[in-house]
Amino acid sequence: MNADLLTALQAQRIETPSWGYGNSGTRFKTFAAPGAARDIWEKLDDAAEVQRLTGIAPGVALHIPWDEVEDYSKLKTYASARGLHIGAINPNVFQDEEYKLGSVTNPDEAVREQATAHLLDCVEVMKQTGSRDLSLWLADGTNYAGQDDLRARKRRMRAGLKTVHDALPDNARMLVEYKLFEPAFYATDLFDWGAAYSHCLAIGEKAQVLVDLGHHAQGVNIEQIVAFLLDEGRLGGFHFNARRYADDDLIVGTTNPFELFCIYAELVSGANSADDVTRRTAQNVAYMIDQSHNIEPKVEAMLQSVLNCQEAYAAALLIDRDLLREAQERGDVLAAHRVLTDAFKSDVRPLLRELRGELGLPLDPIKAHRDSGYQARVADERGTQTGGGGYPVREKAGIV
Ligand code: LRH
Ligand code: MN
């Protein structure tokens, strides 16, 4: 295998989300999965299984307070004992009653202070876990025209983000995640890449944009947003998942594998750029998965997700960049397009088996996971925790 290819594939890193290992669902139902992780310790055990089988997923993102513990240094030790490290810290200012009308954008100053205090608490958690990234998604928005002053909310947002930005330790970053809608259904305060980007420019160098693949309107060209933000030096990271309709949070690469390939193609192009800012930005992108596995076995779903990212990256690395540039420069539209589709259509699985062989990893991680009996063992040890979520069943809701 060509040395550069081997080096690039060995250096690939995909961070898995703690919340992807636990029970999760929709507003209709959360089905209880046998052996689903019940707390952060079991979520780290499951992440260790994914890392054992892939070698490219040592980072685990936390969500606070879902993963809150007394002693984060104990959590850090528990993770490193399993070949893992604690990755991005995700605050949560979207579940407390006070946040109905917003968190840092709330008309009520006391609520804004409460939200900012939680975000600053998460900065303290970063210091204890040694995390580089504070990953911020804010559900803030409105449901009806006139409900609140949209420009006033924009200014409150910027002030809140600025306060947190300025509290970040050196070498830390805040990743600003945008989303078109849900749970707000009229206006979301961080509604698209442009809103996130302009806030990042205004609040400081440590602020970068996070692209969640499920947070765009239908038909949006996500790889173009990626190329733009890379070239601006403001692409901080991804929440990888897949969707057909809205924020479906399905396994990455399952609904539109060509889109995932094109995103990786822009990242490989950025990493090979002669422009220092673009190249450094590409080399510092945080690749994170953000999914909810409502019907799939959680660990195998996460494993499949990491492998889908590995395959998309491997194919993007096979793009003949000189041939592509030549065709682009002479305006040979279809020849240029075929350079990309030839790489996309190449079967990278033999190459990845060779890579795993060289790294002493199982050649077929899914088969190795199934043969390991891991799922049956944790189902036996952990049992089945009652699912939740969804509308109260008719009786309890007193609906006759
Ligand atoms: C919001 C989101 C955000 C997370 C949540 C679990 O839709 O993508 O990144 O906090 O999912
Ligand atoms: Mn997300």
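Up top is the structure.
Here the structure is a predicted model, which is why all the values come from computation and not from measurement.

Participant: What should I look at first to understand the overall build of the protein in this one?
Facilitator: Along the protein, the regular secondary structure elements total 15 helices and ten strands. Here the protein, with 400 residues, has 52% of them falling under the buried criterion. Residue pairs at least 24 apart in sequence account for 78% of intrachain contacts in the protein once pairs closer than 6 positions are excluded. Carbon and sulfur atoms provide 51% of the accessible area of the protein, an area that totals close to 18,600 Å². Each charge sign in the protein was given a centre, from 43 positive and 59 negative side chains, and these centres are 1 Å apart.

Participant: For this particular structure, what's the right way to read the site of ligand 1?
Facilitator: In the region of ligand 1, the neighbouring residues are Trp-19, His-63, Trp-137, Glu-177, Lys-179, Asp-212, His-215, His-239, Asp-247 and Asp-290. Note that an oxygen atom of ligand 1 is positioned 2.7 Å from one of the side-chain N or O atoms of Glu-177. At a separation of 3.0 Å, an oxygen atom of ligand 1 approaches a polar side-chain atom of Asp-212. Within the complex, the protein chains bury 90% of what would otherwise be the 300 Å² of accessible surface of ligand 1. Across the shell around ligand 1, the residue classes break down as two nonpolar, three polar and five charged.

Participant: I would appreciate a short explanation of unusual backbone geometry in the present structure.
Facilitator: Apart from glycine, the bulk of residues carry a negative phi angle, and the bulk of peptide bonds sit in the trans form. Note the cis peptide between Ile-64 and Pro-65, where omega equals 15°. Considering the arrangement of structural elements, one finds Pro-65 in the loop between strand 2 (59-64) and helix 3 (72-80). In this model, Glu-182 is joined to Pro-183 through a cis peptide bond whose omega is 5°. Position of Pro-183 relative to the elements: it lies in the loop between strand 6 (173-177) and strand 7 (187-188). Although it is not a glycine, Asn-171 adopts a positive phi angle of roughly 65°. Secondary-structure assignment places Asn-171 in the loop between helix 5 (150-165) and strand 6. A residue is classified by how much of its surface remains accessible, and Asn-171, at 71% relative accessible area, is exposed. Positive phi outside glycine occurs at Glu-182, with the angle close to 70°. Note on placement: Glu-182 falls in the loop between strand 6 and strand 7.

Participant: Hey, could you run me through helix 6 (residues 193-203) in this one?
Facilitator: Count 3.6 residues to each turn of an α-helix, and residues three or four apart come out pointing the same way. By the burial criterion, the buried members of helix 6 are Ala-195, Ala-196, Tyr-197, His-199, Cys-200 and Ile-203. Residues of helix 6 that are buried sit in contact with helix 5, strand 6, strand 8 (207-212) and helix 7 (222-231). The residue sitting at the N-terminus of helix 6 and contributing the capping side-chain oxygen is Asp-192; that oxygen lies 3.0 Å from the backbone nitrogen of Gly-194. Phi turns positive, to about 145°, at Gly-204, one or two residues after helix 6.

Participant: Could you clarify how one ought to interpret a negative patch on the surface in this entry?
Facilitator: On the surface, Glu-68, Glu-70, Asp-71 and Asp-121 cluster together to form a negatively charged patch. Structurally, the position occupied by Glu-70 is in the loop between strand 2 and helix 3.

Rules and cut-offs
Residues numbered from 1 in each chain as written. Chains lettered and ligands numbered in written order. Predicted model: local features only at pLDDT ≥ 70, side-chain atom pairs only at ≥ 80, totals over all residues. Heavy atoms only, no water. Helix = DSSP H or I, 4+ residues; strand = E, 2+ residues; numbered from the N terminus. Buried < 20%, exposed > 50% of the residue type's maximum accessible area, 1.4 Å probe, protein only. Contact = heavy atoms within 4.5 Å. Areas by Shrake-Rupley, 256 points an atom, 1.4 Å probe, with all protein chains shown as cover. Lys, Arg positive; Asp, Glu negative; His and termini not counted. Charge placed at Lys NZ, Arg CZ, Asp CG, Glu CD. Near = heavy atom within 4 Å. Polar contact = N/O pair within 3.5 Å; in protein donor to acceptor, adjacent residues only side chain to side chain. Nonpolar A, V, L, I, M, F, W, Y, C, P; charged D, E, K, R; others polar. Patch = residues over 30% accessible without salt bridge, like charges linked within 9 Å, V, L, I, M, F, W, Y side chains within 5 Å. Salt bridge = Lys/Arg side-chain N within 4 Å of Asp/Glu carboxyl O.

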